[in-house]
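Per-entry structural report
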Amino acid sequence: MTAPLQPTAIQAVPAELGDCGFRLLMIRQFNSGAVPPAFAVIDQRVMRMPQRIGRHGVSFAATFLPEVMTWLIDHLGRPSLHDASGRAYRNPRWPVVCWHDQERCWPSGALTVEWFAEVAFQDTASWLAFKTRWLERLQPVGADHAEESAETDQRACA
């Protein structure tokens, strides 16, 4: 059994799997009054880590790791295609990636904002193929994360 997860922990937590995609914790934001927020970047193995910009702040770009991008391109085509006139347009088979934020109250009294990358596939077959290939990477490495699941219920603040 592992120690309870702390607000400053950066170890991976399991992705929340849905019918046609997943939600993956990427960043934990700490707000301390008038000073700029601090960020903890969460370890995970499907998306590139967000880049830190300057002394404070994080780039909220969400991009897959190179090996995942290669797999997606092989299965869905490039994310950007070109029409007959050469204009680029988004590949409609490519998954949509967006951000979702959620406040979290910790047993210690700390309050954070957790930032999730939400990935939605355009069809069930693409999602099932992705999940079959990358499910291991959507799960945490090694340790038992029972404490994380127990604390998940405390995400919404009263």
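Residues numbered from 1 in each chain as written. Predicted model: local features only at pLDDT ≥ 70, side-chain atom pairs only at ≥ 80, totals over all residues. Heavy atoms only, no water.

1. So, the pairing of strand β6 (residues 96-105)
Defined as follows: Should DSSP find at least two bridges between two strands, the strands are regarded as paired. Secondary structure elements follow DSSP: runs of H or I of four or more residues count as helices, runs of E of two or more count as strands, with numbering from the N terminus.
The pairing of β6 with strand β7 (residues 111-120) spans 10 bridges and is classified as antiparallel. Bridging across to β7, Cys-105 finds its partner in Leu-111. With antiparallel pairing between neighbouring strands as the criterion, β6 and β7 make up a hairpin whose turn holds five residues, including Gly-109 at a positive phi of roughly 100°.

2. Brief notes about the packing of aromatic side chains
By convention here, two paired aromatic rings are described through the distance between centres and the angle between planes. Stated formally: Classification of ring pairs uses Phe, Tyr and Trp, with its six-membered ring standing for Trp, and accepts pairs whose centres are within 6.5 Å; under 30 degrees between planes counts as stacked, over 60 as edge-to-face, and the remaining range as tilted. Three exposure classes are used, based on accessible area relative to the maximum for each residue type with a 1.4 Å probe and protein chains only: buried under 20%, partly exposed in between, and exposed over 50%.
For the coordinates displayed, the defined rule picks out nine aromatic pairs. Geometrically, the ring pair formed by Phe-22 and Phe-130 is stacked, given 5.7 Å between the ring centres and 10° between the ring planes. Residue Phe-22 is located in strand β2 (residues 21-32), and its partner Phe-130 is located in helix α2 (residues 124-138); the two are separated by 108 residues in the primary sequence. Classification of Phe-130 as buried rests on a relative accessible area of 0%. Their ring planes at 70° and their centres at 5.8 Å tell us that Trp-71 and Phe-130 sit as a pair that is edge-to-face. With Trp-71 in helix α1 (residues 66-76) and Phe-130 in helix α2, the pair connects residues that are 59 residues apart, well separated along the chain.

3. Remarks on the nonpolar core
We count it as follows: We call a set of buried residues a nonpolar core when its members are Ala, Val, Leu, Ile, Met, Phe, Trp, Tyr or Cys and they connect through side-chain atoms within 4.5 Å of each other. In this analysis, two residues are considered to be in contact whenever any of their non-hydrogen atoms come within 4.5 Å of each other.
Phe-22, Val-46, Met-47, Phe-64, Leu-72, Phe-121 and Phe-130 are the most contacted members of the largest nonpolar core, which has 23 residues in total. Elements that contribute at least two residues to this core include exactly β2, α1, β7 and α2. Setting aside anything within four residues of it in sequence, one finds Phe-130 in contact with Phe-22, Val-46, Phe-64, Val-68, Trp-71, Leu-72, Phe-121, Leu-135 and Leu-138.

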